[in-house]
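Chain residues, written in single-letter form:
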Amino acid sequence: MTAKNLSILGSTGSIGVQSLETARKCGYSVSALSAYSNVDIIEKQIREFHPKVAALADENAAKDLKLRVADTDTKVLSGLSGVCECAAEPTADTVINAVVGIAGLRPTLTAIDCGKKIALANKETLVAGGQLVTGTAREKGVDILPVDSEHSAIFQCLQGAPSNRALKKIILTASGGPFFGKTRDELKNVTVADALKHPNWSMGQKITVDSATMMNKGLELIEAVWLFSVAPSKIEILVHRESIIHSMVEYDDNAVIAQLGLPDMKIPIQYALTYPERIESLTGELDLAKLTTLTFYKPDHDTFRCMDVCRDAITRGGLYPAFANSANEQANLMFRRGEIGFLDIGELTERVMNEAPKVQSYTADDIDDADRCARELVIKYAKKR
């Protein structure tokens with residue numbers, strides 16, 4: 001069933017803005033919007049889409065927004081509770097979660113509890129709380145559809161799977177980021193500006209740095225484990241510099257099916273909203289005749305250690321992925337602030353992940369505790385360097 005009424009969490013970021021472009025094109029209603037603190041952009045969105053409710057996680061920014069849109073019928077809320085209320089907005093049938101980081105977990109769980117269809121662009125929801133989130137979604141009969149280009153590609157490729165699935169492996173493609181081919185010695189003194197020069201995609205700063213460290217691909221590996229119910233050993237990562245093949249699946253007969261398209265997030269956003277239908281897209285057509293080469297490389301695991309940190313974390317299970325995720329978030333932030341070096345991100349993340357407690361199951365409160373602990377440890381160890 002095609003989505004008709006949306007709640008968009010993280011509406012001022014790249015995915016949120018493109019989701020609103022899709023809503024505009026498809027004629028969907030928007031019942032709720034949320035963001036962190038960008039008052040200027042969300043005010044414009046409120047005036048165009050007339051949501052019933054909007055929220056800013058930043059309390060002071062929410063006060064400003066409330067004054068600015070006092071002439072509208074939109075109710076303005078604040079903090080995490082406000083974002084969760086947007087996720088629960090009664091008239092919305094689909095929640096697009098494009099919140100950055102672990103902050104997206106509670107809104108996802110709220111939306112699931114309310115029986116909403118989830119279009120998930122917040123990978124940290126499944127990285128940190130995959131067991132809890134997928135288990136709750138099964139209990140509630142809620143569909144979680146991927147918005148990440150790679151996971152959308154896998155999801156699309158799996159539509160042709162036989163009844164017994166016969167899946168041999170998933171092949172996650174990676175652009176390699178701005179530092180492809182560099183050695184660890186060459187990365188010792190790279191700057192934030194260097195790390196933000198992504199060759200193919202226009203994204204927020206956090207995810208762009210994650211792409212530079214290739215942590216983003218490690219997080220996607222964990223997300224794929226939960227989305228597609230596969231063992232980590234069945235997921236391979238390949239560097240594909242052109243970002244035309246967004247991911248592939250290989251079946252037991254060694255047939256490989258790939259999903260191709262221009263590097264544009266509007267296709268996966270739209271597919272998550274219209275599935276199982278396909279309609280005309282805002283994205284341009286891929287001209288295969290103009291493609292001179294499509295290249296593939298094995299990733300450099302020695303230089304970009306974050307991928308193996310994530311594979312190790314999900315193989316161990318429990319709270320290990322949550323510790324890895326939050327440690328990376330904190331280290332990524334500290335790098336962007338100029339407090340640590342680029343290579344410190346992976347080293348600190350690995351050290352903190354290894355200190356996670358061994359648990360079989362966990363609650364949302366346990367994940368919050370893990371988040372706080374991991375961040376504190378990163379700050380502690382960074383000060384000793």
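About the criteria used
- Residues numbered from 1 in each chain as written.
- Predicted model: local features only at pLDDT ≥ 70, side-chain atom pairs only at ≥ 80, totals over all residues.
- Heavy atoms only, no water.
- Salt bridge = Lys/Arg side-chain N within 4 Å of Asp/Glu carboxyl O.
- Helix = DSSP H or I, 4+ residues; strand = E, 2+ residues; numbered from the N terminus.
- Buried < 20%, exposed > 50% of the residue type's maximum accessible area, 1.4 Å probe, protein only.
- Patch = residues over 30% accessible without salt bridge, like charges linked within 9 Å, V, L, I, M, F, W, Y side chains within 5 Å.
- Areas by Shrake-Rupley, 256 points an atom, 1.4 Å probe, with all protein chains shown as cover.
- Axes fitted to C-alpha atoms, helices over the stretch in contact; angles between N-to-C directions.
- Left-handed = near helix turned anticlockwise from the far one by under 90°.
- Contact = heavy atoms within 4.5 Å.
- Nonpolar A, V, L, I, M, F, W, Y, C, P; charged D, E, K, R; others polar.
- Pairing = 2+ DSSP bridges.
- Core = buried A, V, L, I, M, F, W, Y, C linked by side-chain atoms within 4.5 Å.
- Right-handed = clockwise from strand over helix to strand, strands pointing away.

Enquirer: Got a minute to help me understand the pattern of salt bridges in this structure?
Expert: Side chains that carry opposite charge are capable of pairing whenever their charged atoms lie near each other. Scanning the entire structure with this criterion turns up 27 salt bridges. Residue Arg106 is joined to Asp368 by a salt bridge in which the shortest nitrogen-to-oxygen separation is 2.6 Å. Pair noted here: Arg106 is in helix H5 (residues 105–113) and Asp368 is in helix H16 (residues 364–383), with a separation of 262 residues, a long-range link. Look at Asp368 and you get partly exposed, because its relative accessible area is 24%.

Enquirer: Explanation requested: a nonpolar patch on the surface in the structure shown.
Expert: On the surface, a cluster of nonpolar side chains totalling about 330 Å² of accessible area is made up of Leu260, Leu288, Leu294 and Phe296. Looking at where Leu288 falls in the secondary structure, it is placed in the loop between helix H12 (266–274) and helix H13 (306–316).

Enquirer: Explanation requested: the packing of helix H4 (residues 79–87) against H5 in the structure shown.
Expert: It is at 8 Å that the axes of H4 and H5 come closest, and there the two elements cross at 35°. Seen from above, H4 lies across H5 with right-handed handedness. Taking contact as the criterion, the partners of Leu80, Val83, Cys84 and Ala87 in H4 are, on H5, Arg106, Pro107, Thr110 and Ala111. Counted by class, the contact of H4 with H5 contains six nonpolar, one polar and one charged residues.

Enquirer: Help me understand the sheet that holds strand E8 (residues 167–174), please; the structure alone is not making it clear to me.
Expert: Within a sheet, neighbouring strands are paired by backbone hydrogen bonds and run either parallel or antiparallel to one another. With respect to topology, four strands assemble into an open sheet ordered E9-E8-E10-E11, the strand pairing being mixed. Taken across any chain shown, the strands that pair with only one partner, and hence form the sheet edges, are strand E9 (235–239) and strand E11 (256–260). Neighbour-to-neighbour, the strand axes of this sheet turn through a mean angle of 20°, independent of strand direction. Both strand E10 (residues 245–251) and E11 contribute to a ladder of five bridges, which runs antiparallel.

Enquirer: Sorry, what's going on with the nonpolar core here?
Expert: The nonpolar side chains of soluble globular proteins are, as a tendency, buried together. Of all hydrophobic cores here, the largest spans 119 residues; its most connected members are Phe228 and Phe342. Beyond its immediate chain neighbours, meaning those up to four positions away, Phe228 contacts His151, Ile154, Phe155, Leu158, Arg165 and Ile170.

Enquirer: Is there a simple way to explain unusual backbone geometry in this structure?
Expert: Cis geometry is adopted by the peptide bond preceding Pro276, which originates at Tyr275 and carries an omega value of 5°. Here Pro276 shows up in the loop between H12 and H13. Of note in the backbone geometry, Ala166 takes a positive phi value of approximately 55° without being a glycine. Note on placement: Ala166 falls in the loop between helix H7 (149–157) and E8. Of note in this structure, Ser243 is not a glycine but carries a positive phi near 55°.

Enquirer: Before we go on, may I ask you to explain the pairing of strand E1 (residues 5–9) in this structure?
Expert: Working note: regular strand, side chains alternate between the two faces of the sheet. Counting buried positions over the five residues of E1 gives five, a clear majority of the element. Alternating positions in E1 separate into two faces, Asn5, Ser7 and Leu9 on one and Leu6 and Ile8 on the other, with burial throughout. Across five bridges, E1 lies against strand E2 (residues 29–35) in parallel orientation. Residue Ser7 lies in a different strand from E2, and its bridge partner there is Ala32. In terms of handedness, the path from E1 via helix H1 (residues 14–26) over to E2 forms a crossover that is right-handed. Here E1 pairs with strand E5 (residues 94–97) via four bridges, running parallel.

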